[in-house]
Amino acid sequence: MITICPHCRNSNWDKEVLDNVITCPECGANWDFIKMPLYIITGCSGVGKTTAARELQRLTTDYVVLDADLFYNIMPHETERDNFDQVEQILSLSNNISQSGRAVIWAMAGNIDKLSQVYHARFFRDIKVVALICEEKTLRERMTRGRGITQESWIRSSVEYNEYFRTHKKIGKVLFSTIDVEERTPEETAQCILKWIKGEFFQKIDL
């Protein structure tokens, strides 16, 4: 909605953005919008993203906290084009919600590398990503005992993804911070995420 030209009704994905001003290339009209940051909580399956997101909803109403599985469940996800389309819709929805003056936080496992590549990325002041990490033994316990997952290929895939976050600092061109949830309760993890958003929490990894 915010990206539709109020003058000529141009709804194409062709708008120019400079600071908090959108310009329509069709008619030259421009209008202000609220340019907010966007926050992404990522990590492998089973590490505790959804649980931490629920705690965030309980702890504060300053942000709109959502789960990206919302789009995974209603949109195709078979091809790279499908994945890009999901990210576009996630950022488009976030931009519209941000016009309320509240930043959006997503729990989102995959497609992190695409966040900086899609059209709607231009409408955010910054897109910040934090990955939740833990030890392999803990992850396996959370997946098998906590979620009842027994498929070894799924567990192994999560273990490898978790290890990537533990040993890297970016996916594609997207940088991310990390929060080790090994000895933290969900509430403590959520508190760390809030501190990270405010710039008060830094998790360092020896690479």
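Rules and cut-offs
- Starting afresh in each chain, residues are numbered from 1 along the sequence in its written order.
- Since the coordinates come from a predicted model, pLDDT governs what is reported: local features require at least 70, and pairs of side-chain atoms require 80 or more to be given and counted, while whole-chain, interface and lining totals use all residues.
- As a rule here, side-chain values cover all heavy atoms of the structure and leave hydrogens and water aside.
- Put simply, DSSP H or I for four residues or longer makes a helix, DSSP E for two residues or longer makes a strand, and each gets a number counted from the N terminus.
- Here the globule rule is a power law, 2.2 Å times the number of residues to the power 0.38, and the radius of gyration is based on C-alpha atoms.
- Think of it in three bands: residues with accessible area under 20% of the maximum for their type are buried, residues over 50% are exposed, and the middle band is partly exposed, with areas taken using a 1.4 Å probe on protein chains only.
- Whether two residues are in contact is decided by their heavy atoms: any pair within 4.5 Å suffices.
- Only the protein chains shown count as cover for residues, and all accessible areas are computed by the Shrake-Rupley method using a 1.4 Å probe.
- Charge counting treats Lys and Arg as positive and Asp and Glu as negative, with His and both chain ends excluded.
- All charge positions are set by atom: Lys at NZ, Arg at CZ, Asp at CG, Glu at CD.
- Criterion for a salt bridge: a side-chain nitrogen of Lys or Arg within 4 Å of a carboxyl oxygen of Asp or Glu.
- Note on pairing: DSSP must find at least two bridges between two strands before they are called paired.
- A fitted line through C-alpha atoms serves as each axis, taken over the contacting stretch for helices, and the angle formed by two N-to-C directions is quoted from 0 to 180°.

*Asks:* Just checking my understanding: could you explain the overall build of the chain for this structure?
*Replies:* Helix and strand counts for the chain come out as 6 helices and 10 strands. In terms of overall size, the chain behaves like a compact globule, its C-alpha atoms giving a radius of gyration of 18 Å where 207 residues would be expected to give roughly 17 Å. A burial count over the chain gives 44% of its 207 residues as buried. Sequence-distant contacts in the chain: of pairs separated by 6 or more residues, those separated by 24 or more amount to 68%. For the chain, the accessible area works out to roughly 11,200 Å², and carbon and sulfur atoms hold 47% of it. Side-chain charges of the chain comprise 26 positive and 29 negative groups, with the mean position of each set lying 2 Å from the other.

*Asks:* Looking at this model, I keep getting lost on the pattern of salt bridges. Mind explaining?
*Replies:* Side chains that differ in sign of charge can pair as their charged atoms come close. Inspection of the entire model under this criterion finds 11 salt bridges. Between Glu55 and Arg58 there is a salt bridge whose closest N-O contact spans 2.8 Å. Linking Glu55 with Arg58, this pair stays in helix H1 (residues 49-59), spanning 3 residues, or about one helical turn. The buried category is assigned to Glu55, whose relative accessible area is 18%. A relative accessible area of 51% places Arg58 in the exposed class. Salt bridges sharing common partners tie together Glu136, Arg140, Glu152 and Arg156.

*Asks:* I would appreciate a short explanation of the sheet that holds strand S1 (residues 16-18) in the present structure.
*Replies:* Hydrogen bonds between backbone atoms are what pair the strands of a sheet, whose relative direction is either parallel or antiparallel. Here we have 3 strands laid out as an open sheet, ordered S1-S2-S3, and antiparallel in their pairing. Either end of the sheet is taken by a strand with one partner, and the two such strands are S1 and strand S3 (30-32). Each neighbouring strand pair of the sheet contributes to a mean axis angle of 25°, computed without reference to strand direction. Pairing of S1 with strand S2 (residues 21-23), which is carried by 3 bridges, proceeds in the antiparallel orientation. Opposite Val17, over in S2, you have Ile22 as the bridge partner.

*Asks:* Please explain the pairing of strand S7 (residues 126-133) as it appears in this structure.
*Replies:* It is a general feature of regular strands that their side chains alternate between the two faces of the sheet. Taking burial as the measure, the 8 residues of S7 include 6 buried ones, the bulk of the element. Here 6 bridges tie strand S4 (residues 37-42) to S7, and the two strands are oriented parallel to one another. Its bridge partner lying in S7, Ile41 is registered against Val130. Sheet topology note: the S7/strand S10 (residues 177-180) ladder contains 4 bridges and is parallel. Residue pairing across strands places Val130 opposite Ser177, the latter belonging to S10.

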